[in-house]
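One letter stands for each residue in the lines below.
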Amino acid sequence: MAMGKTFSSVSFIFLLYLLASESLPADAAVKRYQFDIQVKNVSRLCHAKPIVTVNGMFPGPTIYAREGDRVLINVTNHAQYNMSIHWHGLKQFRNGWADGLAYITQCPIQSGHTYTYDFNVTGQRGTLWWHAHIFWLRATVYGAIVLMPKQGTPFPFPQPYRENNIILGEWWNNDVEEIVKQGNKLGLPPNTSDAHTINGKPGPLFPCSEKRRTRKDLSLLRIINAALNDELFFAVAGHNMTVVEIDAVYTKPFTTQAILIAPGQTTNVLIQANQAPGRYFMAARPFMDAPLTVDNKTVTAILQYKGIPNTVLPVLPQLPLPNDTAFALSYNAKLRSLNSPLYPTNVPLKVDRHLFYTIGLGINQCATCLNGTQLTASLNNITFVMPRTGLLQAHYFNIKGVFTTDFPDRPPKPFNYTGAPLTANLGTTLGTRLSKISFNSTVELVLQDTNLLTVESHPFHLHGYNFFIVGTGIGNYDPAKDPAKYNLVDPPERNTVGVPTGGWTAIRFRADNPGVWFMHCHLELHTGWGLKTAFVVENGKGPNLSILPPPKDLSPC
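Criteria and cut-off values
Residues numbered from 1 in each chain as written. Predicted model: local features only at pLDDT ≥ 70, side-chain atom pairs only at ≥ 80, totals over all residues. Heavy atoms only, no water. Core = buried A, V, L, I, M, F, W, Y, C linked by side-chain atoms within 4.5 Å. Buried < 20%, exposed > 50% of the residue type's maximum accessible area, 1.4 Å probe, protein only. Helix = DSSP H or I, 4+ residues; strand = E, 2+ residues; numbered from the N terminus. Contact = heavy atoms within 4.5 Å. Pairing = 2+ DSSP bridges. Axes fitted to C-alpha atoms, helices over the stretch in contact; angles between N-to-C directions. Phe/Tyr/Trp six-rings, centres within 6.5 Å; stacked < 30°, edge-to-face > 60°. Lys NZ or Arg CZ within 6 Å of the ring centre and 35° of its normal. UniProt positions renumbered as here; feature names shortened; annotations may be inferred. Domains from an automatic or database assignment. Buried area = accessible area lost by both parts, 1.4 Å probe. Salt bridge = Lys/Arg side-chain N within 4 Å of Asp/Glu carboxyl O. Polar contact = N/O pair within 3.5 Å; in protein donor to acceptor, adjacent residues only side chain to side chain.

So, on to the nonpolar core. Counting 61 residues, the largest nonpolar core has Phe-35, Ile-73, Met-83, Ile-85, Trp-87, Trp-130 and Leu-391 as its most contacted members. Looking at which element gives the most residues to this core, the answer is strand β8 (residues 142–148), with four residues. Those residues in contact with Ile-73 that sit more than four places away from it in its chain are Tyr-33, Phe-35, Ile-63, Trp-87, Tyr-115, Thr-116, Tyr-117 and Phe-119. The next biggest cluster of nonpolar side chains, apart from the first, holds 39 residues, and it includes Trp-517, Cys-521, Trp-529 and Phe-535.

Moving on: the sheet that holds strand β2 (residues 47–54). In space, the four strands of this open sheet follow the order β2-β1-β4-β6, with mixed pairing throughout. Each end of this open sheet is capped by a strand with a single partner; those strands are β2 and β6 (114–120). Neighbour to neighbour, the strand axes of the sheet diverge by 20° on average, direction disregarded. Where strand β1 (residues 30–44) meets strand β4 (residues 70–77), eight bridges bridge the pair, whose relative direction is parallel. The residue of β4 that forms the bridge with Gln-34 is Asn-74.

Let's shift gears to the packing of aromatic side chains. In the structure shown here, the tally under the stated rule is 30 aromatic pairs. Residues Phe-157 and Tyr-250 carry aromatic rings whose centres are separated by 6.1 Å and whose planes lie at 80° to one another, so their mutual orientation is edge-to-face. Residue Phe-157 is located in the loop between β8 and β9 (162–171), and its partner Tyr-250 is located in strand β14 (residues 249–256); the two are separated by 93 residues in the primary sequence. Just as Phe-157 is buried, Tyr-250 falls in that class too. Judged by centre distance (6.1 Å) and plane angle (15°), the ring pair of Phe-327 and Tyr-331 falls under stacked. Of this pair, Phe-327 and Tyr-331 both sit in helix α3 (residues 325–333), four residues apart, which is roughly one turn of the helix. Within the aromatic cluster, the residues linked to one another by ring pairs are Phe-35, Trp-87, Tyr-115, Tyr-117, Phe-119 and Trp-130. In this structure, Lys-49 packs its charged tip against the face of Trp-171, placed 4.5 Å from the ring centre. Geometry around Tyr-103 places Arg-388 over its ring, the cationic atom sitting 4.2 Å from the centre.

What follows deals with the UniProt feature "domain: Plastocyanin-like" (unreviewed entry) in the protein chain. What UniProt calls "domain: Plastocyanin-like" (unreviewed entry) maps, in this numbering, to residues 37–151, 164–307 and 406–540. End-to-end, the C-alpha atoms of residues 37–151 are 32 Å apart, and along that stretch the chain is 0% helix and 46% strand.

A few words on the domain arrangement of the protein chain. Segmentation of the protein chain into domains returns domain 1 (27–153), domain 2 (157–337) and domain 3 (353–545). Once you take the C-alpha centre of each, domain 1 and domain 3 turn out to be 25 Å apart. Approximately 2200 Å² of surface area, both sides summed, lies buried where domain 1 meets domain 3, with 60% of it carried by carbon and sulfur atoms. Where domain 1 meets domain 3, there are one salt bridge. Arg-138 is the partner of Glu-524 in a salt bridge, and the nearest nitrogen-oxygen pair spans 2.7 Å. Between the two partners, domain 1 and domain 3, sit 15 residue pairs in polar contact (both at pLDDT 80 or more). Those elements that place two or more of their residues in the side of domain 1 that touches domain 3 are β5 (85–88) and β7 (126–132).

Attention now goes to the environment of Asn-240. Turning to its location among the elements, Asn-240 is positioned in the loop between β12 (231–236) and β13 (241–246). For Asn-240, a relative accessible area of 45% puts it in the partly exposed group. Once the C-alpha coordinates of Asn-240 and Phe-58 are considered, the two residues, 182 residues apart in sequence, prove to be 29 Å apart. For Asn-240, the residues in contact, after removing those within four places along its chain, are Thr-255, Thr-256, Gln-257, Leu-270 and Ile-271.

Tracing the chain through its elements places Gln-318 in the loop between β18 (299–304) and α3. Residue Gln-318 is classed as exposed on the basis of its relative accessible area of 77%. In the structure, Gln-318 is positioned 49 residues away from Val-269 in sequence and 18 Å away in space, judged by C-alpha atoms.

Along the chain, the position of Thr-251 falls in strand β14. At a separation of 3.5 Å, a polar atom in the side chain of Thr-251 contacts the main-chain amide nitrogen of Glu-245. Once you skip the residues sitting within four places of it in the chain, Thr-251 turns out to touch Val-243, Val-244, Glu-245, Ile-246, Arg-336, Ser-337 and Leu-338.

As structure tokens, then:
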């Protein structure tokens, strides 16, 4: 079977090289991959430990395909943990069975079992990624997805000489699952990571680490934030970057010295190695503009011009300050969809369904926690409870008692959402409550951060869809004034959006993909606390507008 290439298996010399010719034969229509989930001993920061991997690789193999291809990925689980793998950003039209969410679209793949993900790449090209979608296993189980345009279709920007994946992640010296269990026992967040990583390595500023180098050319960097809990700034010393794509959607190009990328997001940038020959650090570190603890260490790799010896000291980039809200807001405001004749921006102008969801953190009583309380999270004051039967299975086979479709369109009690910190939960309840959406209806969802305990930025990911970010702001959303400021011409189109700290974001999408589609904060900490829900999008009328039948190897929970 065809196997994806990865750059984690080479040394930490950061080598850019061309991918397309060897990985994507022109006549290929079906791409097949074998993913073996297996435990491997890996050493970082002078600490060795067993981690869960795909094919023994960390990060895992890259999936290569073209727009229009069919992809079959056979996953065999040899590890002690149950497993599911999510193909983050692929729309999976009518095919939620391939979305890869444990207890949402499938029951997990048990140890010793196999499941085949079978999906088509329809109307998408660019950089996405895949990761485990159960427990905190995506700390080490992740990799890139590179979708090339149809054969003969050029990029809508200067053709790069070289391409490379830059996958940003986190590393814990101890077993992540045990760290999470300990935090849950205490009712507190688990310990933060010990380092950030680029392609699985912390970089030369850390002990027991290697180095990478690049060559001099116009290069396309496919940047992925696979970190579990940190938004990250990224920059290359002495070099500007031109942003040309976000979440596999082309953008109007703009030049910047640094980018901001939230967990779950991807960004493609062009970089020209046209500075004085030398060695330059590329670096990433967290953005956090709330009074919360993060792993604030900087990860680096080295851009090294050809012919420059390793004895030359690299130059560090000037990253924005960790709490630089102004840069974050300014950077996101520059993102615009390309909106060209070939790649139009079909933002819904008429809205059928208006939704308003508040994002809250809180404290619940916990008799089994050591300090008697437990941190929790909610949307519209509802903390989501994970089912033990897959939601898509329950919906498709009409299994009763698994979920309800009474998730409220707005919070039960309006309040000053971003005012003085509140310590109450305002009536938080538990439940597996979903929202039912009519097929092909247009939806506007406003996500409002709140100051329950504290404000914080939240990257929200919607499965099965892209959406348009038509508006954003700081403070409380004003339905009388803020819609007049919406961008309905060329708003950025994404699958993951960062709701600003103490602010709001408005997104729009057309519900033309029937199924059960998860929506959650992509901070793994908050997802575990219940900051998630799902939409049940009804079938359309017609044979090609309904959920596809389930695969034969779909197993019960």
